[in-house]
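# Fold and contact review
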Amino acid sequence: MQIGPYKLSTPLLVAPMAGVTDRPFRTLCLRMGAGMAVSEMMSSNPRVWQSEKSLRRMDHAGETGIRSVQIAGADPELMAEAARFNVDQGAQIIDINMGCPAKKVNKKMAGSALLQYPQLVQEIVSAVVKAVTVPVTLKIRTGWDPDHRNGVHIARIAQECGIQALAVHGRTRACMYRGEAEYDTIRAIKQAVSIPVIANGDIDSPEKARFVLDYTGADAIMIGRAAQGRPWIFREIRHYLEQGTHPVPLHKDLEQAMIREHVDALHAFYGEVMGVRIARKHVGWYLKDSDAGRDFRSDFNAINEPELQLDSLQQYFANIA
Ligand SMILES: Cc1cc2nc3c(=O)[nH]c(=O)nc-3n(C[C@H](O)[C@H](O)[C@H](O)COP(=O)(O)O)c2cc1C
């Protein structure tokens, strides 16, 4: 799988997830075998670029892997400006968000709401492609509601305008995250264009990954929610795709060391106050399937100091061993 000059080591991408795919999480997923990780979206509104949140999202210092930065907005000129700005900040690929159904994004008529306006899609995509020399990719849903699955039409527009890879989430905007993702539209899109297509939606196991790749004919797959609290899913899927077998499971000690390293990295990246809060969310995901973990979480969530968070995790792991 190749995007412009960038060759992915494996056709396995981390989906952009605002509030999740920050630099520590992307780094971890890449370490676990993902071929590329798309950053959290950046608004195209220049008024927010100097906010603490945006400055942190733009911070790619020491980032491993290919730096793909997602931008969101509906004004072609502002999107072009945002693309240029993010390339100046170190983006090696610009990804355009037309997949997000979030109200915050759609109220401003961006994200997947744009799929209703193919002419505007064309204007935005053309403006961004012309604005930068790096590859531009696009992320869409299959349409805006089940009666209007215009993904194939949008994909053709994207290809004509110079988009170099297209990620498709197998739901419409109206579906939000309900029901099951469908892969027929992704398959139809793959057959309609020659640019690489990345299939996304509900991929949560090695077998599902194999099935979606085979069924859609897509060049790669993208995984979002299944990686929350389970970044080693990339290792499992990669091994299965390459060898056709399941790898030996990660040793519990390694898994636990990784969770502590992740929490430590969050403290370093966000600082004490924010780092502690964000670590609670990730630890919640890591422990969600364990009864002991559920009891431990209420104690963990009451801790406000980074060192104490790490100590209590250590203690918890020692207790369950
Ligand atoms: C918490 C969260 C935040 C998300 N943020 C974005 C975003 O910023 N940009 C985007 O294109 N998609 C976003 N998505 C959608 C995901 O990229 C992905 O398309 C979706 O979750 C379906 O894939 P999955 O079933 O593997 O999770 C988000 C999803 C979640 C759950």
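Residues numbered from 1 in each chain as written. Predicted model: local features only at pLDDT ≥ 70, side-chain atom pairs only at ≥ 80, totals over all residues. Heavy atoms only, no water.

The name given to the protein chain in an unreviewed UniProt entry is tRNA-dihydrouridine synthase B, and the organism recorded there is Oceanisphaera marina. Taken verbatim from the UniProt record of the protein chain, the Function (unreviewed entry) comment is "Catalyzes the synthesis of 5,6-dihydrouridine (D), a modified base found in the D-loop of most tRNAs, via the reduction of the C5-C6 double bond in target uridines." Within the UniProt record for the protein chain, the comment given under Cofactor (unreviewed entry) is "FMN". (UniProt positions renumbered as here; feature names shortened; annotations may be inferred.)

Interhelical geometry of helix α10 (residues 252–270) versus helix α11 (residues 272–286) gives an angle of 150 degrees and a closest axis separation of 7 Å. When the axes of α10 and α11 are compared, the pair comes out roughly antiparallel. Like other packed secondary-structure pairs, α10 and α11 cross with a definite hand, here right-handed. Each of I259, H262, V263, L266, H267 and Y270 in α10 lies in contact with α11, whose residues at this interface are E272, M274, G275, V276, I278, A279, H282, V283 and Y286. (Axes fitted to C-alpha atoms, helices over the stretch in contact; angles between N-to-C directions. Helix = DSSP H or I, 4+ residues; strand = E, 2+ residues; numbered from the N terminus. Parallel < 35°, antiparallel > 145°, perpendicular 65-115°, else oblique. Left-handed = near helix turned anticlockwise from the far one by under 90°. Contact = heavy atoms within 4.5 Å.)

Let us look at the pairing of strand β8 (residues 136–141). The buried fraction of β8 amounts to six of the six residues, a majority that puts the element mostly inside the structure. The alternating pattern of β8 places V136, L138 and I140 on one face and T137, K139 and R141 on the opposite face, and all of these are buried. Bridge count between strand β7 (residues 93–98) and β8: five bridges; the pairing is parallel. From the neighbouring strand, M98 faces β8, where its bridge partner is I140. Sheet topology note: the β8/strand β9 (residues 165–169) ladder contains five bridges and is parallel. Its bridge partner being in β9, I140 is matched across the sheet by V168. As for the winding sense of the linkage, the β-α-β connection from β8 through helix α6 (residues 151–160) to β9 is right-handed. (Buried < 20%, exposed > 50% of the residue type's maximum accessible area, 1.4 Å probe, protein only. Pairing = 2+ DSSP bridges. Right-handed = clockwise from strand over helix to strand, strands pointing away.)

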